[in-house]
Amino acid sequence: MAASEACGDESLYPIAVLIDELRNEDVQLRLNSIKKLSTIALALGVERTRSELIPFLADTIYDEDEVLLALAEQLGTFTPLVGGPEHVHCLLAPLESLATVEETVVRDRAVESLRIISSQHSVVDLEAHFVPLVKRLASGDWFTSRTSACGLFAVCYPRVSTTIRSDLRSHFRSLCQDDTPMVRRAAASKLGELAKVVEPEYLKSDIIPMFVNLAQDEQDSVRLLAVEACVSIAHLLPQEDTEQLLMPTLRQSAEDKSWRVRYMVADKFTDLQKAVGPEITKTDLVPAFQSLLKDCEAEVRAAAANKVKEFCQALDPTVQEVVIMNHILPCVKELVADPNQHVKSALASVIMGLSPILGKNNTVEHLLPLFLSQLKDECPEVRLNIISNLDCVNEVIGIQQLSQSLLPAIVELAEDTKWRVRLAIIEYMPLLAGQLGVEFFDEKLNTLCMTWLVDHVFAIREAATQNLKKLVQKFGAEWAENTVIPKVIAMSRDPNYLHRMTCLFCVNVLAEVCGAEITAKHMLPTVIQMATDTVANVRFNVAKTLQRVGPVLDKGVASSHIKPVLDKLRDDGDVDVKYFAVEACTALDF
C-alpha cells in the first residue's frame, strides 16, 4: 500500500510521513524530505506552512551540513508557498539561523537565499524585518554571523530611508574594523558591491576610508581582496578623485610585501587600467606594470605576463607604440629567458598579439628574434603557444617573411637528434598547416611530413601516420589523392620491411578520412599485393589492415576483393598470420 502511494502523485504523499522523515536518524531520508519541502508546503496550504512548517524548520537546524544546505536552497524559492511577498518575512527566522552555522557553504547558501527574498519585501517590511536581521547578524557574538551579514548590506541599502542608510554604513564600517580576520575578509570582498549603491557623497566620506584601512590591513588575505574593491570604486570616481584618493593606496598594493597581494594587482591589472583611464595609466600604471613584470615571485611575473597583450592594446593610441617600445618590450625580452617555465608559457600565449600593435618593421626587428628564441625553448608548452598563434604574425609580416625567419627554426626542430623534440613538432604540424595554407604547406613542409614516416624511431612513425590523417581532414580527400597517397603507396615497395609496415599503418588511418572510392581505387590494390610479402609481420598486418578498411568499403567490393585474400592468409604457414586472418574474417562476417 505504502509503495503504491509513493508511486502516485507526490502532492498526496502523507505530510505526517514526511515530517517523520525530517526527524529520522538516516541522513539520506532527511535530505530527501527537505528536497520535497515544496510538496509538503503545497499540501499544507499557505497558512499552515507559515504557522506550522516554518517554525518547525527553524527548530531543526541542528542537523548534518548537507541537509542544512538543501534547506537553505529550498527556502530561497519559498515565497509563493507562504502566501507571496506580504508574508515573505516569515522565512527570515530559519534563514537567519542558517546564516550563523559553522559550515561556510551552508552560510553562503543562506545568504544567497536572503539576497533573493530581500527584493520581494516591500519597503515597509524591509525596514521592519530585513534590516533588523542584518543588524543582528552584524553585531552577533560569533564571527560566522558577522561574515554572513557582509553580503546583505548592498541588497537592502538602496531601498531604505536616509536614517537607516546611515545606520547601515556605520555597521559596515564596524565590520571592516572587526577583530576577526575572516570578518574583515568578508567585508573587503563585499565593499565594491556596496560602493556601487552608496550615494556619491558617502563614497568619498565613508567607503574610501574603509577601503584604505582594508588595503593596509595586517592580513594579506584581507589586503588582496581590497584590490578587487579598488576596481569597482575606481569605476565610480572622476579621474582627479581617483588620482588623489585611490592611487597612493594602489601604488602600495603593487609593491606590497606579500606576493599574493601583488599577484592580485597583476591579475586585475587590465580591469584597473579600464577603470582609471588613459592618463593615470600612462603616469602610474605603466611603471607599476614594469615592476610586476620584473617581480621576484614567478607567480606574479606569470600573472603580469598574461596581461601584456591586453594591457598594450588598451593603451592610448597616441603613445601606444612609444610606451611599448621603451617600457614594456625591454621587460618582455627579459621574460623570454625567464628561469620559470610557467612565466615563459604565459608570455608565449600572448606575445604574438603585440605584432598587430607594433606593425611590420618593429615585428621583424624586435619580435621575431623573441619568437625564434621561444620556438627553441625546451618547454613544449612555450613552443606550442608560439606555433598556435603564428596566424596573427602572418597577417602583419606576410607568409614570405615568416617562412624566411621562423620556418628554418621549425624545420631544424623537426630534424632534431632528440626524438622527443621531433615528436613535439609533429604534433604541432596540423595546427601549423591550417595557419599556413595548403600551397605553402606543399611547398615547404610536405616533404618533411613524409620523411617522418621512415624515421628510425617507431613512436615518430606512428605519430607521423596520425599527422597524415589530421592533414587530410584539414586539406581534403582530393589533396590526399594527389599528394599523399602516391608517396604512401611507393613505400609498399621499400626494401625495409618496417617501412612497408608503415605503409599499411597509413592506409589504416587514411581509409577512414578518404572514403570508399579513393580507398578502393588506390589503396586496396596495394594492400592486396602486399599479402604475398616475404615477411610474416607484413602479411599479418595486411590482415589487420583489411579488417580496418573493410567497413569503409561497399559490401560488394569487400566480399569480392578482401575475402579471397583473407581466405588465402588463413592457410598461411605462419601461426600469427593465420590468427589475424581468422580475426579479420570474424569481424567482417566472412
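Residues numbered from 1 in each chain as written. Predicted model: local features only at pLDDT ≥ 70, side-chain atom pairs only at ≥ 80, totals over all residues. Heavy atoms only, no water.

(A) The overall build of the protein chain, seen in detail. The helix and strand tally for the protein chain stands at 37 helices and 0 strands. The C-alpha radius of gyration computed for the protein chain amounts to 35 Å, which surpasses the reference 25 Å derived for 590 residues by more than 25%, pointing to a less compact arrangement than a globule. On the principal axes, the C-alpha backbone points of the protein chain span a range of 95 × 80 × 35 Å. Across the 590 residues that make up the protein chain, the buried fraction comes to 53%. Sequence separation of at least 24 residues holds for 67% of the intrachain contacts in the protein chain that already meet a minimum separation of 6. Only carbon and sulfur atoms are counted for the fraction: they give 51% of the accessible area of the protein chain, which is about 26400 Å². Charged side chains of the protein chain number 58 positive and 81 negative; the gap between the two group centres comes to 4 Å. (Helix = DSSP H or I, 4+ residues; strand = E, 2+ residues; numbered from the N terminus. Rg over C-alpha atoms; globule rule 2.2 N^0.38 Å. Buried < 20%, exposed > 50% of the residue type's maximum accessible area, 1.4 Å probe, protein only. Contact = heavy atoms within 4.5 Å. Areas by Shrake-Rupley, 256 points an atom, 1.4 Å probe, with all protein chains shown as cover. Lys, Arg positive; Asp, Glu negative; His and termini not counted. Charge placed at Lys NZ, Arg CZ, Asp CG, Glu CD.)

(B) Quick look at the pattern of salt bridges. Summed over the entire model, instances satisfying the criterion amount to 25 salt bridges. Its salt-bridge partner being Glu279, residue Lys282 comes within 4.0 Å of it at the nearest N-O pair. Note that Lys282 and Glu279 are positioned in helix α19 (residues 278-293) at a spacing of 3 residues, about one turn of the helix. Given a relative accessible area of 43%, Glu279 falls into the partly exposed group. Salt bridges linked by common partners bring Arg169, Arg173 and Asp206 together as one network. (Salt bridge = Lys/Arg side-chain N within 4 Å of Asp/Glu carboxyl O.)

(C) Main features of the layout of surface pockets. Of the voids in this model, the largest pocket is the one considered here, and its volume is about 330 Å³. In terms of lining residues, the largest pocket is bounded by 15 residues, among which Asp108, Thr147, Ser148, Ala186 and Lys190 are the most central. Looking at the lining of the largest pocket, the elements that each hand over two or more residues are α8 (104-118), α10 (143-150) and α13 (181-195). Residue composition of the lining of the largest pocket, grouped by class: 4 nonpolar, 5 polar and 6 charged. (1 Å grid on protein atoms, 1.4 Å probe; cavity = no way out; pocket = protein on both sides within 12 Å on 5 of 7 lines; lining within 4 Å. Points joined across faces, edges and corners; volume = space filled by probe spheres on them. Nonpolar A, V, L, I, M, F, W, Y, C, P; charged D, E, K, R; others polar.)

(D) Representation of helix α28 (residues 419-436). With 18 residues, α28 ought to run about 26 Å at 1.5 Å a step, and its terminal C-alpha atoms sit 25 Å apart, in line with that. In terms of burial, α28 is a largely internal element, 13 of the 18 residues being buried. Just beyond α28, the residue with positive phi is Gly437, at close to 90°. (Expected span 1.5 Å × (residues − 1).)

(E) Fine view of empty space enclosed by the protein. Per the stated rule, a full pass over the model turns up 3 cavities of 30 Å³ or more. By volume, the largest cavity is sized at about 40 Å³. Looking at the lining of the largest cavity, the elements that each hand over two or more residues are α16 (239-254), α18 (269-276) and α19. Among the elements that make up the lining of the largest cavity, the one with the highest residue count is α16 (4 residues). Grouping the amino acids of the lining of the largest cavity by side-chain chemistry returns 8 nonpolar, no polar and 2 charged.

(F) Region of interest: the confidence of the model for the protein chain. Per-residue pLDDT for the protein chain has a mean of 84; in total, 96% of the residues score no lower than 70. Low pLDDT, under 50, characterises residues 1-12; the stretch is placed with 6 contacts to residues that sit more than four places away or in other chains. (pLDDT = per-residue confidence, 0-100.)

(G) Broad picture of the packing of aromatic side chains. By the definition in use, this model includes 9 aromatic pairs. Centroid distance Trp259 to Tyr263: 6.4 Å. Interplanar angle 80°. Geometry classified as edge-to-face. Here Trp259 and its partner Tyr263 are both found in helix α17 (residues 259-267), 4 residues apart, which amounts to about one turn of the helix. Classification of Trp259 by relative accessible area gives partly exposed; the value is 27%. The cationic tip of Arg169 hangs over the ring face of Tyr202; the distance from NZ or CZ to the ring centre is 3.5 Å. Taking the ring centre of Phe580 as reference, the NZ or CZ of Lys544 above it sits at 4.9 Å. (Phe/Tyr/Trp six-rings, centres within 6.5 Å; stacked < 30°, edge-to-face > 60°. Lys NZ or Arg CZ within 6 Å of the ring centre and 35° of its normal.)

(H) Region of the structure containing the environment of Glu73. One can find Glu73 in helix α6 (residues 65-75). Exposure remark for Glu73: the relative accessible area of 41% places this residue in the partly exposed category. The spacing of Glu73 and Ile116 is 43 residues in sequence and 11 Å in space, taken between C-alpha atoms. Filtering out sequence-adjacent residues up to four positions away, Glu73 remains in contact with Arg109 and Ser113.

(I) The arrangement of the packing of α16 against α19 in detail. Relative to each other, α16 and α19 sit at 5°, their axes nearing to 11 Å. On the basis of their axis angle, the class for α16 and α19 is roughly parallel. Residues Gln239, Thr242, Glu243, Met247, Leu250, Arg251 and Ala254 of α16 touch α19, and the partners they reach there are Glu279, Ile280, Thr283, Asp284, Leu285, Ala288 and Leu292. Grouping the amino acids of the contact of α16 with α19 by side-chain chemistry returns 7 nonpolar, 3 polar and 4 charged. (Axes fitted to C-alpha atoms, helices over the stretch in contact; angles between N-to-C directions. Parallel < 35°, antiparallel > 145°, perpendicular 65-115°, else oblique.)

(J) Representation of the side chain of Ser232 within the structure. Note on placement: Ser232 falls in helix α15 (residues 220-236). Those residues in contact with Ser232, other than ones at most four positions away along the chain, are Gly192 and Lys196.

(K) Spotlight on the side chain of Arg115. Secondary-structure assignment places Arg115 in helix α8. Once residues lying within four places of it in the same chain are set aside, the contact partners of Arg115 are Gly151, Leu152, Val155 and Glu193.

(L) Inspection of a negative patch on the surface at higher detail. On the surface, Glu64, Asp65, Glu66 and Glu102 cluster together into a patch of negative charge. Along the chain, Asp65 turns up in helix α6. (Patch = residues over 30% accessible without salt bridge, like charges linked within 9 Å, V, L, I, M, F, W, Y side chains within 5 Å.)

(M) Highlighting helix α36 (residues 555-570). Along its length, α36 shows its largest kink, about 35°, at Ile562, and proline Pro564 lies within four residues downstream of that point. Residues of α36 that are buried include every one of Ala558, Ile562, Val565, Leu566 and Leu569, and no others. Packing partners of the buried residues in α36 comprise α34 (516-529), α35 (536-549) and α37 (575-587). (Bend = angle between axes of the 7 residues up to and from the residue.)

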